[in-house]
Amino acid sequence: MRPTVALPGTDLRVFPLNLGGNTFGWTADEATSFDILHSYAQAGGNFLDTADVYSAWVPGNRGGESESIIGSWLHTLSAPEREEMVIATKVGRLEPHASVGAADIIDATCASLDRLRIDTIDLLYLHFDDDTTPIEEQIEACCDLIKRGHARYIGLSNYAPQRMRAFLDLSRGTEAAPVALQPHYNLLHRHDYERTLRPLPQEHRTAVFPYYALASGVLTGKFRRREDTSGTARENSTAALITPETEAVLNTLDRLASLHDASPATIALAWLRAKGATAPIASVSRPDQLPELMAVAHTQLSVSEVMQLDAASQPFA
């Protein structure tokens, strides 16, 4: 039986590892992306995360590549197989709809539906806030999308704490009340979430799906020195994370991984689940990288082990 966790306030149940689609059309071409998606589904995974802007940063790309690849893959599935998949995407960053004004939210969502080749998005995130747009306008647009059947549930990502709280408070009792938050949170980036955002999902009973769960690959242990990142696709984002404080975290992950007969990546994801994450988001560029991520569904850390990782990562809290 597939291990799943429930999203509060919904009828959705998802695998405890949210597969990130940011690599599709970037470090994984369409054929490789299909292999990854097939391997994930075959192993029991049912929860995909993407965004309209993935992967516009790649030379020659325009954005929408990840959604288009996922849409093409979904089209290869039988109807029952497709029904098992929970699709999350994000809007608000891709031109010409790079805002969360009402018109852009609606038009961007329709464009995402076309690329994904589906009628309804299970979980639609507003990707980035636009503080020139009133929260009430955003809520009204989201309610409209749900009434049209274009989205089932709403989530928020990259909102300032006060604006996120305003959205949660003002939307309470409406169709657009967010059921999920997507914060930047991992062992090397604790401060923002733990000090400012953590009360919100507790108060509003939302799911939490942290992105950068493996700190751009640093928490897998494969980057020990800055030179190790040279020439990699994530060189710019990983090199700055490699510090003496990071080494202390990696050493603790190595030790606990040995005790669990697991990988450091599995332990890093298990720590997030122990800290209240519903399902961490992580991505791969090859199918053979999947098993150590999927193993989080069957890995539970003791209170003592969580405290050891808390202590090692204290400089980042």
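Residues numbered from 1 in each chain as written. Predicted model: local features only at pLDDT ≥ 70, side-chain atom pairs only at ≥ 80, totals over all residues. Heavy atoms only, no water.

Per an unreviewed UniProt entry, the recorded name for the chain is L-glyceraldehyde 3-phosphate reductase, and the organism is Corynebacterium oculi.

Draft legend 1. Local environment of the packing of aromatic side chains. Counted by the stated rule, this structure contains eight aromatic pairs. Ring geometry for phenylalanine 47 and phenylalanine 209: centres 5.0 Å apart, planes at 70°, overall edge-to-face. Separated by 162 residues along the polypeptide, phenylalanine 47 in strand 4 (residues 47–49) and phenylalanine 209 in the loop between strand 9 (207–208) and helix 9 (235–238) bring together distant segments of the chain. Each member of the pair phenylalanine 47 and phenylalanine 209 is classed as buried. Judged by centre distance (5.6 Å) and plane angle (50°), the rings of tyrosine 185 and tryptophan 271 are tilted. Taken together, the residues span a long stretch of sequence, with tyrosine 185 in the loop between strand 8 (180–182) and helix 7 (191–197) and tryptophan 271 in helix 11 (residues 264–274) at a distance of 86 residues. In this structure, tyrosine 185 and tryptophan 271 share a single accessibility class: buried. Aromatic rings pair up to connect Trp26, Tyr54 and Trp57 into one cluster. (Phe/Tyr/Trp six-rings, centres within 6.5 Å; stacked < 30°, edge-to-face > 60°. Helix = DSSP H or I, 4+ residues; strand = E, 2+ residues; numbered from the N terminus. Buried < 20%, exposed > 50% of the residue type's maximum accessible area, 1.4 Å probe, protein only.)

Draft legend 2. Structural view of the pairing of strand 6 (residues 121–126). The buried count for strand 6 comes to six of six residues, which makes it a mostly enclosed element. In the sheet, strand 5 (residues 86–91) pairs with strand 6 via four bridges, with the strands oriented parallel. Counted as the bridge partner of lysine 90 is tyrosine 125 from strand 6. Across five bridges, strand 6 lies against strand 7 (residues 151–157) in parallel orientation. Bridge assignment links isoleucine 121 to a residue of strand 7, and that residue is alanine 151. Regarding topology, helix 5 (residues 135–148) serves as the crossover connection from strand 6 to the parallel strand 7, and that connection is right-handed. (Pairing = 2+ DSSP bridges. Right-handed = clockwise from strand over helix to strand, strands pointing away.)

Draft legend 3. Local environment of the side chain of threonine 299. Here threonine 299 shows up in the loop between helix 12 (291–294) and helix 13 (303–312). Of the polar contacts made by the side chain of threonine 299, one reaches the backbone oxygen of alanine 295; its length is 2.8 Å. For threonine 299, the residues in contact, after removing those within four places along its chain, are His260, Thr266, Ile267 and Ala270. (Polar contact = N/O pair within 3.5 Å; in protein donor to acceptor, adjacent residues only side chain to side chain. Contact = heavy atoms within 4.5 Å.)

Draft legend 4. Molecular detail of the pairing of strand 5. Among the six residues in strand 5, six count as buried, and that is most of the element. Both faces of strand 5 are covered, namely the face carrying Val86, Ala88 and Lys90 and the face carrying Ile87, Thr89 and Val91. Inspection of the sheet shows strand 4 paired to strand 5 by three bridges, in the parallel sense. Among the inter-strand pairings, phenylalanine 47 is bridged to a residue of strand 5, identified as valine 86. A crossover links strand 5 with its parallel partner strand 6, the connecting element being helix 4 (residues 102–116), and its sense is right-handed.

Draft legend 5. Spotlight on unusual backbone geometry. With an omega of -5°, the peptide bond running from tyrosine 54 to serine 55 counts as cis. Mapped onto the fold, serine 55 is located in the loop between strand 4 and helix 2 (65–74). That bond from glutamate 95 to proline 96 is cis: its omega, 5°, falls within 30 degrees of zero. The topology assignment puts proline 96 in the loop between strand 5 and helix 4. Its identity is not glycine, yet arginine 205 carries a phi of approximately 55°, on the positive side. Summarising the element assignment, arginine 205 is placed in the loop between helix 8 (199–204) and strand 9. A relative accessible area of 56% places arginine 205 in the exposed class.

Draft legend 6. Here's a closer look at the sheet that holds strand 8. Ordered by their spatial adjacency, eight strands build an open sheet running 9-8-7-6-5-4-3-10, and the pairing between neighbours is parallel. The sheet terminates laterally at strand 9 and strand 10 (281–282), the two strands that pair on one side only. Of the strand pairs in this sheet, strand 3 (residues 18–20) and strand 10 are connected by two bridges, and their pairing is parallel. Opposite asparagine 18, over in strand 10, you have isoleucine 281 as the bridge partner. The sheet strands contacting helix 1 (residues 30–42) are strand 3 and strand 4, and the helix crosses strand 3 at an angle near 175°. (Axes fitted to C-alpha atoms, helices over the stretch in contact; angles between N-to-C directions.)

Draft legend 7. Main features of the pattern of salt bridges. Under the definition given, this model contains 12 salt bridges. A salt bridge links aspartate 11 to arginine 152; the shortest N-O distance between them is 2.6 Å. Taken together, the positions of aspartate 11 in the loop between strand 1 (5–6) and strand 2 (13–14) and arginine 152 in strand 7 put the pair 141 residues apart, joining distant regions of the chain. Taking the relative accessible area as the measure of exposure, aspartate 11 reaches 53% and is therefore exposed. Its salt-bridge partner being glutamate 194, residue arginine 190 comes within 3.0 Å of it at the nearest N-O pair. The residues arginine 190 and glutamate 194 share a single accessibility class, namely buried. In the salt-bridge network here, residues are joined through shared partners; they are Asp11, Asp122 and Arg152. (Salt bridge = Lys/Arg side-chain N within 4 Å of Asp/Glu carboxyl O.)

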